[in-house]
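Chain by chain, the residues:
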Amino acid sequence: MADPIVVDDPGDPRLHDYTGLTDVELRRRREPAEGLFIAEGEKVIRRALEAGYQMRSMLLSAKWLETMGDVIDTVTAPVYLVRPELAEQVTGYHVHRGALAAMCRKPALSAPQVLAGARRVVVMEAVNDHTNVGAIFRSAAALGMDGVLLSPDCADPLYRRSVKVSMGAVFAVPHARLENWPGGLEMTGRAGFRLLALTPHEKAVPLDTAVAKGPERIALMLGAEGTGLSRQALSAADEWVRIPMADGIDSLNVGAAAAVAFYVASNGRGRAPR
Ligand SMILES: C[S@@+](CC[C@H](N)C(=O)[O-])C[C@H]1O[C@@H](n2cnc3c(N)ncnc32)[C@H](O)[C@@H]1O
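Residues numbered from 1 in each chain as written. Predicted model: local features only at pLDDT ≥ 70, side-chain atom pairs only at ≥ 80, totals over all residues. Heavy atoms only, no water.

What about the site of the ligand?
Logical step 1: Near the ligand lie 19 residues; those nearest to it are Leu198, Gly223, Gly228, Ile243 and Leu252.
Logical step 2: Between the ligand and Gly223 there is a distance of 3.1 Å, counted from an oxygen atom to a backbone nitrogen or oxygen.
Logical step 3: Against a free-state accessible area of 560 Å², the protein chains account for coverage of 89% of the ligand.
Logical step 4: Residues belonging to the shell around the ligand are distributed by class as follows: eleven nonpolar, five polar and three charged. (Near = heavy atom within 4 Å. Polar contact = N/O pair within 3.5 Å; in protein donor to acceptor, adjacent residues only side chain to side chain. Areas by Shrake-Rupley, 256 points an atom, 1.4 Å probe, with all protein chains shown as cover. Nonpolar A, V, L, I, M, F, W, Y, C, P; charged D, E, K, R; others polar.)

Next comes the structure, spelled out in structure tokens:
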């Protein structure tokens, strides 16, 4: 175990990975470019390590030293010990979960890697809200989805808020970003998936009817809040499916729609049929 390093200067360059965490635009550019992401809170940090992500450093206040003691014992990364006020000065917010870790990104997976061996996959188009992305990953992990494909304009699953809302599920569910949209969707058909577009449109068939037809490999495509799926994405789909709702209701939040859809697609078993 390396001794924690006390840092009392908010301008210390060793804290660079943690600066300006509330500046979403800045962090969105910086983190992929610098090959890092931030894991926040004890559970998420542990899950990132269990999933094989390498730690760059950890930032802690004194009261978390004991809780994180076993982690500190096993990692070789530097552990910076700071006062809570200094953590707030550096990050821009009150770090009430007490522990932050800067982690290294792994090389990105390709879409064919995600599709290989999968039975149930999620496709997201323009889901650009980190909370929704995190919630969808959490449901995907819990309800039997084997992988996730993202359109180029989806929010980053490894952004701090997505990671936190997913409770680390973003580490467990393989995912890839399609560079070519919607052209890249053809790949799902070539891999034997039936691409079902989730839409509240009245012409869509009920999701359970489509699933009951029993295709072995299903890709469930979700759209963004507000606009929903684009015309191009809808026309790339094999079938439009809906979750029937009460009269007069426009739609479900995409995270809620995802959870219902994954449950149905896993035949209520919480795992992809094998
Ligand atoms: C808030 S909705 C978008 C609503 C938009 N007015 C539309 O017509 O798609 C966000 C996404 O959640 C999914 N969704 C929401 N409610 C749904 C429903 N009842 N059936 C199927 N998908 C639904 C769709 O994928 C949709 O693109």
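Concerning unusual backbone geometry
Working note: non-glycine residues mostly have negative phi, and peptide bonds are mostly trans.
Logical step 1: Cis geometry marks the peptide bond from Trp181 to Pro182, where omega comes out at 0°.
Logical step 2: Relative to the assigned elements, Pro182 resides in the loop between strand E8 (175-177) and helix H9 (186-190).
Logical step 3: At Ala126, a residue that is not glycine, the phi angle is positive and equals roughly 55°.
Logical step 4: With respect to the element layout, Ala126 can be found in the loop between strand E6 (120-124) and helix H6 (130-142).
Logical step 5: When its relative accessible area of 17% is taken as the criterion, Ala126 is described as buried.
Logical step 6: The backbone phi angle of Met167 is positive, close to 55°, even though this residue is not glycine.
Logical step 7: Tracing the backbone shows Met167 in the loop between helix H7 (160-166) and helix H8 (169-172). (Helix = DSSP H or I, 4+ residues; strand = E, 2+ residues; numbered from the N terminus. Buried < 20%, exposed > 50% of the residue type's maximum accessible area, 1.4 Å probe, protein only.)

Quick look at the side chain of Glu31
Logical step 1: With respect to the helices, strands and loops of the structure, Glu31 is situated in helix H1 (residues 24-34).
Logical step 2: Residues in contact with Glu31, not counting those within four places in the same chain, are Leu36, Phe37, Ile38, Arg105, Leu158 and Tyr159. (Contact = heavy atoms within 4.5 Å.)

Points about the sheet that holds strand E1 (residues 5-6)
Logical step 1: Ordered by their spatial adjacency, five strands build an open sheet running E1-E4-E3-E5-E2, and the pairing between neighbours is mixed. Whereas interior strands pair on both sides, the edge strands pair on one side only; in this sheet they are E1 and strand E2 (36-40).
Logical step 2: When E1 meets strand E4 (residues 79-81), the two strands line up parallel, connected through two bridges. In the sheet register, Ile5 faces E4, and the bridge partner there is Tyr80.
Logical step 3: Helix-sheet contacts for H1 involve E2 and strand E3 (55-60), and the interaxial angle to E2 is about 110°. (Pairing = 2+ DSSP bridges. Axes fitted to C-alpha atoms, helices over the stretch in contact; angles between N-to-C directions.)

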